[in-house]
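Below are the chains, spelled out letter by letter.
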Amino acid sequence: MDNKRLFYKKNGYIIYKQLITHNKIEKLLEIFNKFKTSNSLFYSQSEHNWRMTKDDLDNQNNLNTSLEGFTELFWAPSLSKAGREILTSHEINRCLKNLSGEDEFVMWQNMLFDKSTGTIDHLDSYYLDTDPIGNLIAAWIALEDINGEGGEFHVYPESHRNNDISWKKLNHSEFVEWQKASTKKYKKKPLN
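Procedures and definitions
Residues numbered from 1 in each chain as written. Predicted model: local features only at pLDDT ≥ 70, side-chain atom pairs only at ≥ 80, totals over all residues. Heavy atoms only, no water. Helix = DSSP H or I, 4+ residues; strand = E, 2+ residues; numbered from the N terminus. Contact = heavy atoms within 4.5 Å. Salt bridge = Lys/Arg side-chain N within 4 Å of Asp/Glu carboxyl O. Buried < 20%, exposed > 50% of the residue type's maximum accessible area, 1.4 Å probe, protein only.

### Let's talk about the environment of Ile31
Logical step 1: Positionally, Ile31 belongs in helix 2 (residues 22-37).
Logical step 2: For the pair formed by Ile31 and Gly69, sequence separation is 38 residues and the distance between their alpha carbons is 16 Å.
Logical step 3: Setting aside chain neighbours within four positions, we find Ile31 in contact with Ser78, Leu79 and Ala82.

Structure follows, in structure tokens:
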């Protein structure tokens, strides 16, 4: 087992720098900017409703909410294709194979954030996981350099080893309180 896989198994995260080519990223961003200005329809993952881009842009032309399933928008085939070219790329697939030891993967969900929506610290498994839990691998792919000014992306190393699954029976408010108490056991690590 190589060092990256060992690190991932121990800490619950791994960073791959400059994994995706600038050409693929620039292509996606160019198409995404056209999508925003064309007043397209999208489903907001953060707001859980359908929205029009023109109604969701801030004064810097950024969408205030995130797009859920942006690789499956049949009315925006260029955006969907550019997203799939990154998310299902051989670079991502190679990393997933290395980390998991598996050969095949399913993209269960994807989201595109134009800017931070300020999510709470959370355990992904509460919102989305496999059955039995623990076989989901989430990836965050930065399409620009991140300095933390727009919100800090962070993890709690080794928290994935916590065997307490009492959160499964909690409503969302109770889960938020459980999560706050749980994270106190770990040291937060910024990833920007």
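Picking up after the structure, the text goes on.
### What about the pattern of salt bridges?
Logical step 1: Throughout the structure, instances matching the rule amount to 10 salt bridges.
Logical step 2: The partner of Lys24 in a salt bridge is Glu91, and the shortest N-O contact between them spans 3.4 Å. Here the residue Lys24 occupies a position in helix 2, and Glu91 occupies one in helix 4 (residues 90-100), the gap between them amounting to 67 residues.
Logical step 3: With a relative accessible area of 8%, Glu91 lands in the buried category.
Logical step 4: With a closest N to O distance of 3.5 Å, Glu177 and Lys180 form a salt bridge. In this pair, Glu177 and Lys180 both sit in helix 6 (residues 172-183), 3 residues apart, roughly one turn of the helix.
Logical step 5: Shared partners join several salt bridges into a network, and the residues in it are Lys27, Lys81 and Glu85.

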